[in-house]
Amino acid sequence: MRKTVLLLISLIFTSSIAPEVFSGEKKEHWLVIGGAENIGYNFAKFALDNKIPLTLFIPDKDRKKLDKLSERNLITLSEAKKVFYGDPLTDITHLKKAAQKATHIFFDVDFDFKHWGDSTLKVADRVIETAKKAKATLVHIGRIYAYGDTDIIYETSARYPNSFQGKIMAEVEQKIEHAATREEIQARIIRIPYPFGPALDDHLMSNTFIDTPTTGQVTWLYRSDIPLQVIYSYDIPRLARLYLEKNKRQSFDLINLPGYTIESIEHFGREIQSVSGKQPHYKTIGPWEIKFYTFLEYDATRGVDVRYSFEKTILLDDTRLKELVPEYQNTKIHKAIDETIHWYKRFS
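Rules and cut-offs
For every chain, the first residue of the written sequence is number 1, and numbering continues from 1 onward in sequence order. Local features are withheld for residues below a pLDDT of 70 in this predicted model, meaning they are given only at 70 or higher, and side-chain atom pairs are given and counted only at 80 or more; totals for whole chains, interfaces and linings count all residues. For the side-chain quantities, the full set of heavy atoms in the structure was used; hydrogens and water were omitted. Numbering of helices and strands runs from the N terminus; a helix is a DSSP stretch of H or I covering at least four residues, while a strand is a stretch of E covering at least two. Only protein chains enter the calculation, and the probe is 1.4 Å; a residue is then buried if its accessible area is under 20% of its type maximum, exposed if over 50%, and partly exposed in between. When checking whether two residues touch, look at their non-hydrogen atoms; a contact exists if any pair is within 4.5 Å. Each accessible area is a Shrake-Rupley estimate made with a 1.4 Å probe; only the visible protein chains count as cover when residues are assessed. Residues scored as positive are Lys and Arg, those scored as negative are Asp and Glu, and His as well as the terminal groups of each chain are ignored. Lys charges are placed at NZ, Arg charges at CZ, Asp charges at CG and Glu charges at CD. Stacked, tilted and edge-to-face pairs are distinguished by plane angle, under 30 degrees for stacked and over 60 for edge-to-face with tilted covering the rest, among Phe, Tyr and Trp rings (Trp via its six-membered ring) whose centres lie within 6.5 Å. Nitrogen and oxygen atoms within 3.5 Å of one another constitute a polar contact, given that in protein one can donate a hydrogen and the other can accept it, and given that sequence-neighbouring residues count only through two side-chain atoms. We call a set of buried residues a nonpolar core when its members are Ala, Val, Leu, Ile, Met, Phe, Trp, Tyr or Cys and they connect through side-chain atoms within 4.5 Å of each other. With axes taken as lines fitted to C-alpha atoms, and helix axes fitted only over the stretch in contact, angles between N-to-C directions fall between 0 and 180 degrees. Angle categories: roughly parallel below 35 degrees, roughly antiparallel above 145, roughly perpendicular from 65 to 115, and oblique for all the rest. Crossing handedness is defined as follows: a turn of the near helix away from the far one that is anticlockwise and smaller than a right angle gives a left-handed crossing, while the clockwise case is right-handed. Pairing between two strands requires that DSSP report at least two bridges joining them. Multiplying 1.5 Å by the helix residue count minus one yields the expected span of that helix. Summary of the metric used: pLDDT quantifies the predictor's per-residue confidence within the range 0 to 100.

### Some words on the overall build of the protein chain
Regarding its fold elements, the protein chain presents 14 helices and 14 strands. Projected onto its principal axes, the C-alpha positions of the protein chain cover 80 × 45 × 35 Å. In the protein chain, which comprises 348 residues, the share counted as buried stands at 52%. Looking at the protein chain alone, contacts between residues at least 24 apart form 80% of all its contacts between residues at least 6 apart. Here the protein chain displays about 16600 Å² of accessible surface, and carbon together with sulfur accounts for 52% of that area. Of the charged side chains in the protein chain, 49 are positive and 47 negative, and the gap between their average positions amounts to 6 Å.

Spelled out as structure tokens, the structure:
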């Protein structure tokens, strides 16, 4: 009788800490929404490299890009459990079907900047709903823009966005955090600085890694002479898997992943030179020039919107990362640069 009472007390106590939504009964299985480009590709590649069961949900607009990745052996689709195609904005039924076996959901879907704000918020709502239905942990990659021009960002820092992108990103994070604190989902946010690496659909970093080995040109905005942080995109899923093993019973958690703190983009160019052997030269696009570019390519407005982040040093604090995940180490920077250069050579 005493054992039965103790067992009942134990069950009641456990359920109050870890509700059924976080039961963790399913075997590890990742769903990556948007795995044909940017950070989503790196999560998909990491899962395949490490034999983690993987389902992909690819937006229709990225189908050709995924085919090209497969043709160049930059992703092995045959090793994915299933690949779904659809529109994450409207195809919620298909999205939920893709998530049926998922224990973790990673989403990284981008849109043209004219529709980016509304579309990003709508996709966040769809993904939160999907994670709730699947009882899966939602992993979101946060950016520094939600914190405005805060000099040093801690996990406890308040969000003070001072740009359109920052406001949208802050709202997405608030949606995720609110759903988690209401115990509708379990969620993790990994905050990163400016990323570089394979598959980034980013004119600055992708063009730099395409151009530097051949012409030596390093392209940046506004200022190239101040300290900054950059993160190798393949290191993000590496950290994510280690991080997901920590504090499993918390409904919500956030951690900074600062990557490398470098003296300047000019210094980064010299690091690239040490791998590529090509002498770098720098093209710094100023305010009038980028304004002109916005008439030719509206997406260049993104750079105008977060101009402050290129004109001052904003750093992520890594104290909690070192305490919580001491086993994590950045990939050696020369190795990360070399892998990025070779990836773009194969994809071009």
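### Quick notes on the packing of aromatic side chains
Aromatic ring pairs are reported here in terms of the distance separating the ring centres and the angle at which the planes meet. If you walk through the whole model with that rule in mind, you get 22 aromatic pairs. For the ring pair Phe113 and Phe164, a centre distance of 5.9 Å and an interplane angle of 80 degrees mean the geometry is edge-to-face. One end of the pair, Phe113, is in the loop between β4 (104-107) and α5 (116-134); the other, Phe164, is in helix α6 (residues 164-181), with 51 residues separating them in the sequence. On the basis of relative accessible area, Phe113 is assigned to the buried category, the value being 7%. By relative accessible area, which is 40% here, Phe164 ends up partly exposed. Centre to centre, the rings of Phe209 and Phe268 are 6.1 Å apart; their planes meet at 75 degrees, and the pair counts as edge-to-face. Highlighted residues: Phe209 in helix α7 (residues 203-211) and Phe268 in helix α9 (residues 265-276), separated in sequence by 59 residues.

### Overview of the environment of Arg72
Note on placement: Arg72 falls in the loop between α3 (63-71) and β3 (82-86). The class of Arg72 is partly exposed, set by a relative accessible area of 29%. With 59 residues separating them in the primary sequence, Arg72 and Ala131 have C-alpha atoms 32 Å apart. If near-sequence neighbours (up to four positions away) are discounted, Arg72 is found in contact with Arg346, Phe347 and Ser348. A polar side-chain atom of Arg72 sits 3.2 Å from the main-chain carbonyl oxygen of Phe347.

### Let's talk about the nonpolar core
With 111 residues, the main nonpolar core has Ile105, Leu138, Ile190, Phe196 and Phe268 as its most contacted residues. Among all residues touching Ile105, those that are not within four sequence positions of it are Leu31, Ile33, Ala99, Val127, Thr130, Ala131, Ala136, Thr137, Leu138 and Val139.

### Notes on the packing of helix α2 (residues 38-49) against helix α8 (residues 235-243)
Between α2 and α8, the least distance of the axes is 8 Å, while the angle of their chain directions is 60 degrees. The angle between α2 and α8 falls in the class oblique. Handedness of the α2/α8 crossing: right-handed. Between α2 and α8, the contacting residues are Ile39, Asn42, Phe43 and Phe46 on the first element and Ile236, Pro237, Arg238, Ala240 and Arg241 on the second.

### Notes on the sheet that holds β4
Spatially, β3-β2-β1-β4-β5-β7-β11 is the arrangement adopted by the 7 strands of the open sheet, whose pairing is parallel. Both edges of this open sheet fall to β3 and β11 (252-256), since each of them pairs with a single strand only. Each strand axis lies, on average, 20 degrees off the axis of its neighbour in the sheet, ignoring direction. Pairing of strand β7 (residues 186-192) with β11 involves 5 bridges; the strand directions are parallel. Counterpart to Ala187 in the pairing with β11 is Phe252. On top of the sheet, α5 reaches β1 (30-33), β4 and β5 (137-143); it is set at about 170 degrees to β4, its chief contact.

### Quick notes on α6
In an α-helix, one turn spans 3.6 residues, which is why side chains three or four residues apart end up on the same side. Along its 18 residues, α6 runs 26 Å from first to last C-alpha, staying within 8% of the 26 Å computed at 1.5 Å per residue. Buried positions along α6 lie against β4, α5, β5, β7, β11 and α11 (301-305). Positive backbone phi, at 60 degrees, marks Glu183, one or two positions downstream of α6.

### Focus: the pairing of β5
Burial analysis of β5 places 7 of its 7 residues in the buried class, the great majority of the element. Burial along β5 is two-sided: the face carrying Thr137, Val139, Ile141 and Arg143 and the face carrying Leu138, His140 and Gly142 are both buried. Pairing analysis gives 3 bridges linking β4 to β5, with the strands arranged parallel. When the bridges of β5 are listed, His104 appears paired with Thr137. Of the pairings in the sheet, the one linking β5 to β7 comprises 7 bridges and is parallel in character. Bridge pairing links Ile141 to Ile190 in β7.

### Digging into the confidence of the model for the protein chain
Confidence in the prediction of the protein chain, expressed as mean pLDDT, is 90, and 93% of residues score 70 or more. Throughout residues 1-23 the model reports pLDDT below 50, and contacts reaching past four residues in sequence, or to other chains, amount to 12 contacts.

### Section: the environment of His203
Locating His203 in the fold gives a position in helix α7. Given the relative accessible area of 57%, His203 is considered exposed. With 97 residues separating them in the primary sequence, His203 and Ala300 have C-alpha atoms 8.9 Å apart.

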